[in-house]
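# Structural overview for review
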Amino acid sequence: MSTLPQAPAIRTALPGPNARAIIERDGHVVSPSYTRGYPFVIARGEGAMVEDVDGNVFLDCAAGIAVNSTGHAHPDVVAAIVEQSQRYLHMSGTDFYYEPQVRLAEVLSAAAPMPGPCKSFFGNSGAEANEAAIKLARYHTGRPFLIAFLGSFHGRTMGALSLTASKAVQRKGFGATTAPGVFHAPYADCYRCPVGLRPETCQAECLEYLEDKVLVHLVSPDEVAGLVVEPIQGEGGYIVPPAQFHQRLRALTERHGILLIVDDVQSGMGRTGKLFAIEHFGVQPDIVTMAKGIASGLPLGVATARAGVMDWTPGAHASTFGGNPVSCAAALTTIRLLQEQLVANAADVGAYMLDGLRDLQQKHALIGDVRGKGLMIGIELVKDRASKARATAERDRVVDEAFARGLLILGAGRNTIRLSPPLVLTRAQARTAIDILDAAIGAVSASR
Ligand SMILES: Cc1ncc(COP(=O)(O)O)c(C=O)c1O
């Protein structure tokens, strides 16, 4: 039974006194590298609603950066966590066996977006899942190089960071992050086509830079171990490429014996209305990485590969905490809930939300593009539609105005608002979010 209101209720000035005190303490002792935009301090959450430490209630369309897939504190997930915790918290799947990890690997082998059997490596985060994929690709192929895409985000550990090409600040000060041998190519951003073409006649010509330049002038394809790509670019701005982009990549990788590594960390686990976002594009990868929504908020990262690809020997790679049994129990329940109901809900409520946001686009000149699949939706703001000049400051102000009205959202890319709510979002809550965005964008437009 729900105990929080199902619509926002702002009762204090923001931040309230309790939030203000915690943020003040945080400033003294927590790493300043975090990127907090507005002062939200959670006290509890339930479904898509969260309450702050001053009793203000917000509608959450950020979900802890696309993580709380089943909503906050779903009772079935909490029960699975409690049940597993009472048996044992940890044993280390590196040196011992436990059934929840085996069961999760079985479930993923059956559900993976490529033909099974598949095998899974377990870590604790998206970055670790991608580290595993990078190492496995090099190990399996015996080749040194990797290809990734401009605008992509794959994590911040040094290996994953060498793939990440989202914001320069993420690399600045950390030395030669490209040393591991990664080459980047343009991603298919159809709103800003990198080769100036139109989506209607697109044959993914943006890949010609990769095919005719990178693989000709910089690296020989037979030395490339893996190509790493997000099905839909997440941190880069919720950019949905055309199907031809992924299909051409699959053909290219097959031609040269390169492993296709799909990073479904942000877009996966039902968010787009399919369990894996890559399923929208008719492409089967060799390795798929997952994290974020997979365990409803407990830390878990997984790299799942075709069994023949995951051929490394004992000792080649491992993690003390990776595949923690409590996280595995949470993931098993999460995936059951997704498959029973929430993937379909994401498709339904996501389509409803996209329609409502496209109506807003008619009303507000600030909105240049609305795009997405399921409940992975981006709203790109522009100073004017003809030049498509990026409205970065306006985007930041819309995020703040939404917060003031009780809606939690995040930015993505330079000038895009991302909507990544829990997949339990109802149509009524989606309507509330659209109405708040209407008011927030209206307020920012009026003050320009
Ligand atoms: C597509 C993608 N891959 C990898 C990561 C890294 O995940 P983590 O922050 O759990 O290391 C992220 C995080 O935003 C992501 O969006």
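## Some points on the site of the ligand
- Around the ligand there are 13 residues in total, and Gly126, Ala127, Asp263, Gln266 and Lys292 lie nearest to it.
- The separation between an oxygen atom of the ligand and a polar main-chain atom of alanine 127 is 2.8 Å.
- At a separation of 2.7 Å, a nitrogen atom of the ligand approaches a polar side-chain atom of aspartate 263.
- Against a free-state accessible area of 390 Å², the protein chains account for coverage of 82% of the ligand.
- Broken down by element, the shell around the ligand gets its largest block of residues, 3 residues, from helix H5 (residues 126-141).

## Brief notes about the sheet that holds strand S3 (residues 57-60)
- Strands sit in the order S1-S2-S3-S13 across an open sheet of 4 strands; the sheet is mixed. Every interior strand has two partners, whereas the edge strands, strand S1 (42-46) and strand S13 (407-408), have only one.
- Strand direction decides the pairing type here: S1 and strand S2 (residues 49-52), joined by 4 bridges, are antiparallel. Across the sheet, isoleucine 42 pairs through a bridge with aspartate 52, a residue of S2.

## Points about the pattern of salt bridges
- One pass over the full model with this rule turns up 24 salt bridges.
- Among the salt bridges present, the one from arginine 336 reaches aspartate 76, with a minimum N-O distance of 3.1 Å. Placement of arginine 336 in helix H9 (residues 325-363) and of aspartate 76 in helix H3 (residues 75-87) is noted, with a sequence separation of 260 residues between them.
- Given a relative accessible area of 34%, arginine 336 falls into the partly exposed group.

## A look at the packing of aromatic side chains
- Scanning the entire structure with this criterion turns up 10 aromatic pairs.
- Aromatic side chains tyrosine 139 and tryptophan 312 sit 6.4 Å apart centroid to centroid with 65° between the ring planes, which places their arrangement in the edge-to-face category. Note that tyrosine 139 is positioned in helix H5 and tryptophan 312 in the loop between strand S10 (301-306) and H9, a separation of 173 residues in sequence.
- Under the relative-accessibility criterion, tyrosine 139 is labelled partly exposed at 39%.

## So, the domain arrangement of the protein chain
- Split by domain assignment, the protein chain resolves into domain 1 (17-74 + 342-447) and domain 2 (90-323).
- Averaged C-alpha coordinates put domain 1 and domain 2 at centres separated by 26 Å.
- Taken together, the contact between domain 1 and domain 2 spans 33 residues of the former and 27 residues of the latter.
- In total, about 2,500 Å² of surface goes out of reach between domain 1 and domain 2, with carbon and sulfur atoms giving 56% of it.
- For the pair domain 1 and domain 2, the number of links is 2 salt bridges.
- Viewed at the interface, domain 2 and domain 1 are joined by 15 residue pairs in polar contact (both at pLDDT 80 or more).
- Among the secondary structure elements, those contributing two or more residues to the side of domain 1 that touches domain 2 are helix H2 (63-66), H9, strand S11 (367-373), strand S12 (376-381) and strand S15 (416-419).
- Sort the elements by how many residues they give to the side of domain 1 that touches domain 2 and S11 lands first, with 5 residues.
- By residue class, the composition of the side of domain 1 that touches domain 2 is 15 nonpolar, 11 polar and 7 charged.

About the thresholds
Residues numbered from 1 in each chain as written. Predicted model: local features only at pLDDT ≥ 70, side-chain atom pairs only at ≥ 80, totals over all residues. Heavy atoms only, no water. Near = heavy atom within 4 Å. Polar contact = N/O pair within 3.5 Å; in protein donor to acceptor, adjacent residues only side chain to side chain. Areas by Shrake-Rupley, 256 points an atom, 1.4 Å probe, with all protein chains shown as cover. Helix = DSSP H or I, 4+ residues; strand = E, 2+ residues; numbered from the N terminus. Pairing = 2+ DSSP bridges. Salt bridge = Lys/Arg side-chain N within 4 Å of Asp/Glu carboxyl O. Buried < 20%, exposed > 50% of the residue type's maximum accessible area, 1.4 Å probe, protein only. Phe/Tyr/Trp six-rings, centres within 6.5 Å; stacked < 30°, edge-to-face > 60°. Domains from an automatic or database assignment. Contact = heavy atoms within 4.5 Å. Buried area = accessible area lost by both parts, 1.4 Å probe. Nonpolar A, V, L, I, M, F, W, Y, C, P; charged D, E, K, R; others polar.

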